[in-house]
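# Structure assessment
As a plain string of letters, each chain reads:
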Protein chains: 4
Amino acid sequence: MFQLDVRSRKPIYEQLVDKIKELIITQILKPDEQLPSIRMLSSQLTVNPNTIQRAYRELENQGYLYSIKGKGNFVAAIEHMPNEQKLTELKAEIKKLIAEAIYLGLTKGDLDVLFFEVNHTNKGDNSDDTSSIRK
Amino acid sequence: MFQLDVRSRKPIYEQLVDKIKELIITQILKPDEQLPSIRMLSSQLTVNPNTIQRAYRELENQGYLYSIKGKGNFVAAIEHMPNEQKLTELKAEIKKLIAEAIYLGLTKGDLDVLFFEVNHTNKGDNSDDTSSIRK
Amino acid sequence: MFQLDVRSRKPIYEQLVDKIKELIITQILKPDEQLPSIRMLSSQLTVNPNTIQRAYRELENQGYLYSIKGKGNFVAAIEHMPNEQKLTELKAEIKKLIAEAIYLGLTKGDLDVLFFEVNHTNKGDNSDDTSSIRK
Amino acid sequence: MFQLDVRSRKPIYEQLVDKIKELIITQILKPDEQLPSIRMLSSQLTVNPNTIQRAYRELENQGYLYSIKGKGNFVAAIEHMPNEQKLTELKAEIKKLIAEAIYLGLTKGDLDVLFFEVNHTNKGDNSDDTSSIRK
DNA sequence: GTGGTCTAGACCACA
DNA sequence: GTGGTCTAGACCACG
C-alpha cells in the first residue's frame, strides 16, 4: 500500500503522514472511511505499531482523521478542519518554493503547465470525474 | 542582519539556510560576493559557531555557496548549480502543497492572486524576463 | 432521545453517562422514575448493549441511579447520594477550570455573565431558591 | 516536585499535563522559563522518559510549551496560544459542572465564596501581589 | 548535554 | 477485535 524509505532523513511517521494526507486530499480515501488498523498496517509495513499510531495521532491533531477507541481510525470531513491559519502558512510556503524554482530556472511556461496540472488533478470538491493523473 | 526565531520547531541552522538562500534568490547577495565569516555571524547572532558552519556546509552541498580554505564563503553562480533534479523535486513539492491548499479551501481566485504576486515580486528585483534563465 | 457523537474522543458510555446525568439534574427525569431498558436504548441508539450497561453501572456507582433486578433502573433520590466528597471534588475542579479560563483571557465581565446564566437556567426549571437544598 | 498516582485511572502523562498547566497558570512558571529536562524529571519521578515527553508534547500542542531540540522545553507566552475556541469549551464545561454541583447541594453562598477565592488566587496578568491561597 | 525517533513487548480500556 | 498507555533501551539530531 505504501512505499517507505527507512533510510530517509524524514522520519517514518512523517512519511506515513504525508502519504495518507495525499490519499485524503486526492479523495482516494473518502470522509468517514476507515483506515487500516494500527496492527494491520504495522505488520504489512513491518513497522512498529507505536510508529503507526504516532502517524495517526499526528493526522488527528491536524484534523485529517478521527479515532474511536475500540473501533478504528476514520477520515474526517473537511468541515472539521481548522484551515484558516493553515492556508496562510501554505500560501507563504508555496510562494517561497516558486521563487526558488524560478531562480533555478523554472520558466513561465513551466509554471503554467504546473498550474494546469494541479487544476486538473484536483478538480474541486465533489467530482464524478476522477480522471486524475495520479494513479 | 537576520531574524532568528528560537521558538520555532525549525532548527536554527535550517532557519539560517533559508534566510541566506532567500538573500541569494532575491539577488541581495550577488554571485561571488563574500559572506560574513563564521565568527562574525556567530557573535552577531549569539549562535554557536558550529551552527553557522553547519548552515554554510548545507548551502555548499545544495550548490548555493562555495568555500575557499583560508578565505571564506562565497555565493555560487547559478551555472554551477545542479538544478535539473532539484527543479523536478521542487515542482513536485509545489504541486503537492497547492493540492493540499485547494483541499483546504483555496479558490481559483486565491491561486491567481498568489501566482501574480510571485511573478511581480521576482520581476521587480532583477530581470524583466524570467522565462529563459535556463534552456 | 439522545444525540451521540461517534467522532468525539469521549467514549460512548461516558457520553451516555453525561446525557443521563443532565436529564436528572435538570429534573426532566424525576426521582424513582424508570429508565428505558438496556435493550430498548441499545436498539434505539444502535449501540452495543454492553455499552449501555456500562453507562448504567457507572451512574449507579455515582449514586444517580439504583437498579432492581428483574425490574430495571431508576433515578435515585438526592438524599441517597454521597455528595459531600463529590461536592468538594467538583468545587476544586470548577476553580481549576475558571483559573485556566482567566489565564486564557476570560474577563470578570465574562465570569459575571456565566454566573448569571447558571443561576438563571437552574432557577427556571425547578425551584425559586437553590440556596438550601442541602444543609 | 510532583505527586503522581500510578494507580489512578487518569494516565500518568495526563496527570503531568495537569500539574504543569497549573504551575503555568498560577505563574509559578514564568514565560520562557525552562522546564526540567525530560531525563531529569524521568529519573526524579521514576517514570519512563517517553511518558514525560508525551506530556511535554501534549502541552506543546495545547500551546503551553515550546520545545527546542538540543536545548530543552520552555514555557510559552500567552500570546502564542489559540484561546478563542478553548475558552468557549471551558465556559461550557464550567457551566455544566456548576449545574451539577448545585444539584448536589451547592448553595449560592458556596458559589460566592468559590468565586471570591478564584478572583483572589489568580489576580490578572501581572500581579506583584502573589498572596495566593495556593501554596 | 538537550530533545526526537523507533523498536519490542506488556497490559488496559472500549465496543 | 480495536485504540491507548507505559516501559526499557537503542540510536540519531542539535547546539
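Residues numbered from 1 in each chain as written. Chains lettered and ligands numbered in written order. Predicted model: local features only at pLDDT ≥ 70, side-chain atom pairs only at ≥ 80, totals over all residues. Heavy atoms only, no water.

The name an unreviewed UniProt entry assigns to chain A is GntR family transcriptional regulator, from the organism Metabacillus sediminilitoris.

Once that is clear, we can look at unusual backbone geometry. Of note, Q27(C) is a non-glycine position whose phi angle comes to about 60°, a positive value. One can find Q27(C) in the loop between α1 (12-25) and α2 (38-45). Within the chain, T46(D) stands out as a residue other than glycine whose phi angle is a positive 50°. (Helix = DSSP H or I, 4+ residues; strand = E, 2+ residues; numbered from the N terminus.)

Under the definition given, this model contains ten aromatic pairs over all chains. A centroid spacing of 6.3 Å and a plane angle of 15° characterise the contact between Y103(C) and Y64(D), whose relative ring orientation is stacked. Of the two residues, Y103(C) sits in helix α4 (residues 83-103) while Y64(D) sits in the loop between α3 (49-61) and β1 (65-68), which places them in two different chains. Y64(D) matches Y103(C) in its accessibility class, with the two residues each being buried. Arranged with centres 5.5 Å apart and planes meeting at 20°, the rings of Y66(D) and F74(D) form a pair that is stacked. We classify F74(D) as buried; its relative accessible area is 11%. A cation over an aromatic ring shows up here: R54(B) above the ring of Y13(B), its NZ or CZ 4.0 Å from the ring centre. (Phe/Tyr/Trp six-rings, centres within 6.5 Å; stacked < 30°, edge-to-face > 60°. Buried < 20%, exposed > 50% of the residue type's maximum accessible area, 1.4 Å probe, protein only. Lys NZ or Arg CZ within 6 Å of the ring centre and 35° of its normal.)

Near DNA strand F lie 29 residues; those nearest to it are R39(A), I12(D), N48(D), T51(D) and R54(D). Counting only atoms of DNA strand F within 4 Å of the protein, the sugar-phosphate share comes to 67%. One of the side-chain N or O atoms of S37(A) is found 3.1 Å from a phosphate oxygen in DNA strand F. Between a base oxygen of DNA strand F and a main-chain N or O atom of G70(A), the distance comes to 3.2 Å. Residue classes in the surface near DNA strand F are distributed as nine nonpolar, twelve polar and eight charged. (Near = heavy atom within 4 Å. Polar contact = N/O pair within 3.5 Å; in protein donor to acceptor, adjacent residues only side chain to side chain. Nonpolar A, V, L, I, M, F, W, Y, C, P; charged D, E, K, R; others polar.)

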